[in-house]
Amino acid sequence: MGSILEGLFPCRVMGEESSSSSSNPTDAVIFVAVCLVLGIACRQLLRSTRVPYTVALLIIGIALGL
C-alpha cells in the first residue's frame, strides 16, 4: 500500500521529517535581507537611467536563477 501511495504522490508530505532537508529559519531572514539590499541597490544605481526598475529586477532574478 505504501508503494502505491508513493507512486501517486511523489512529493514529501509536510508532516514527514526528512534527513535530507536542512531548512533553517535564518536562511529565510538572510534571503529577505539579500532581496532588500539588491532592490535598494538596483533602484539607486538606475535612478539616472531610463531602464525601468521592474525590468532590472527581472534581469537580476533571471541571472541569479541560472
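Below you will find a few notes about this structure. Remember, it's a predicted structure, so these values are computed and weren't measured experimentally.

## Quick word on the overall build of the protein chain
Alright, step 1. Within the protein chain one finds three helices and zero strands.
Alright, step 2. Listing the helices and strands of the protein chain from first to last along the sequence gives α-α-α.
Alright, step 3. By the burial criterion, 5% of the 66 residues in the protein chain qualify as buried.
Alright, step 4. For the protein chain, the computed accessible surface area is about 6100 Å², with 69% contributed by carbon and sulfur atoms.

## Observations concerning the packing of helix α2 (residues 25-45) against helix α3 (residues 53-65)
Alright, step 1. Packing of α2 against α3 leaves a shortest axis separation of 10 Å and a crossing angle of 135°. Regarding the angle of α2 to α3, the classification is oblique. In terms of crossing hand, the pair formed by α2 and α3 is right-handed. Each of L38, G39, C42 and R43 in α2 lies in contact with α3, whose residues at this interface are Y53, A56, L57, I60 and L64.

## Section: a nonpolar patch on the surface
Alright, step 1. Residues I30, V34, L38 and L64 make up a contiguous nonpolar surface patch of roughly 370 Å² in combined accessible area.
Alright, step 2. Considering every element that reaches the nonpolar patch, the biggest residue donor is α2, with three residues.
Alright, step 3. Here L64 shows up in helix α3.
Alright, step 4. Given a relative accessible area of 63%, L64 falls into the exposed group.

## Focus on the environment of R43
Alright, step 1. Tracing the backbone shows R43 in helix α2.
Alright, step 2. A relative accessible area of 47% places R43 in the partly exposed class.
Alright, step 3. A C-alpha to C-alpha distance of 9.2 Å links R43 and L57, two positions 14 residues apart in sequence.

The rules behind these values
Here the residue numbers are simple positions, counted from 1 along each chain's written sequence. Given that the model is predicted, a residue must reach a pLDDT of at least 70 before its local features are reported, and side-chain atom pairs must reach 80 or more before they are shown or counted; all residues, however, enter totals for whole chains, interfaces and linings. The side-chain quantities take in all heavy atoms of the structure and omit both hydrogens and water. Strands here are runs of E lasting at least two residues and helices are runs of H or I lasting at least four, both read from the DSSP assignment and numbered beginning at the N terminus. Burial classes follow relative accessibility: with a 1.4 Å probe on protein chains only, a residue under 20% of its type's maximum area counts as buried, one over 50% as exposed, and anything between as partly exposed. For the area figures, the Shrake-Rupley method with a 1.4 Å probe applies, and any residue is considered shielded solely by the protein chains shown. For helices, the fitted line uses only the C-alpha atoms of the stretch in contact; every axis is such a line through C-alpha atoms, and the angle between N-to-C directions lies from 0 to 180 degrees. Oblique is the label for any angle not under 35 degrees, not over 145, and not in the 65 to 115 range, which are roughly parallel, roughly antiparallel and roughly perpendicular in turn. Take the far helix as the reference: if the near one is turned anticlockwise from it by less than a right angle, the crossing is left-handed, and if turned clockwise, right-handed. The contact definition used throughout considers only heavy atoms, calling two residues in contact when any of these lie within 4.5 Å. By definition, no residue in a patch forms a salt bridge, and every one has over 30% relative accessible area; like charges are joined within 9 Å, nonpolar side chains (Val, Leu, Ile, Met, Phe, Trp, Tyr) within 5 Å. A side-chain nitrogen of Lys or Arg and a carboxyl oxygen of Asp or Glu constitute a salt bridge if their distance falls within 4 Å.

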